[in-house]
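# An overview of the molecular structure
Here are the chains, one letter per residue:
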Amino acid sequence: MATVEAAIAVSALLMAVWLGANGLAAVTEQMRCADAAREAARLVARDEQQRGVEAAAQIVSGANVVIDVQADAIKVVVSKRGPLGLPLSARAFAVPEPR
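Criteria and cut-off values
Residues numbered from 1 in each chain as written. Predicted model: local features only at pLDDT ≥ 70, side-chain atom pairs only at ≥ 80, totals over all residues. Heavy atoms only, no water. Salt bridge = Lys/Arg side-chain N within 4 Å of Asp/Glu carboxyl O. Helix = DSSP H or I, 4+ residues; strand = E, 2+ residues; numbered from the N terminus. Buried < 20%, exposed > 50% of the residue type's maximum accessible area, 1.4 Å probe, protein only.

### Overview of the pattern of salt bridges
According to the stated counting rule, one finds 6 salt bridges in the structure shown. Taking the shortest distance from any N to any O, the salt bridge between Lys-80 and Glu-29 comes out at 3.0 Å. Residue Lys-80 is located in strand β2 (residues 74–81), and its partner Glu-29 is located in helix α1 (residues 2–45); the two are separated by 51 residues in the primary sequence. Exposure class is identical for Lys-80 and Glu-29. Each is buried. Asp-35 is paired through a salt bridge with Arg-38; the nearest N and O atoms lie 3.2 Å apart.

Structure, rendered in structure tokens:
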């Protein structure tokens, strides 16, 4: 009887540790997405769109980077599938710098 209870307790503990590790990985990837979006928006505002995409790809590997440039605003969205298939995305906005 005690063996079964111990096995259930160990299984529950392992599941909690596994979920915690995946949650921490998801938070880390979300922060990387936010950093990548901010950096890409900053570079696009300086009229360096290609470097912005490259920088975002270096910060978050395997991410989808969408850049929307309008006359008075720049919007960058970086998205990725995180641990456990969670959809992660971050947005950043910038104003184009005068030339």
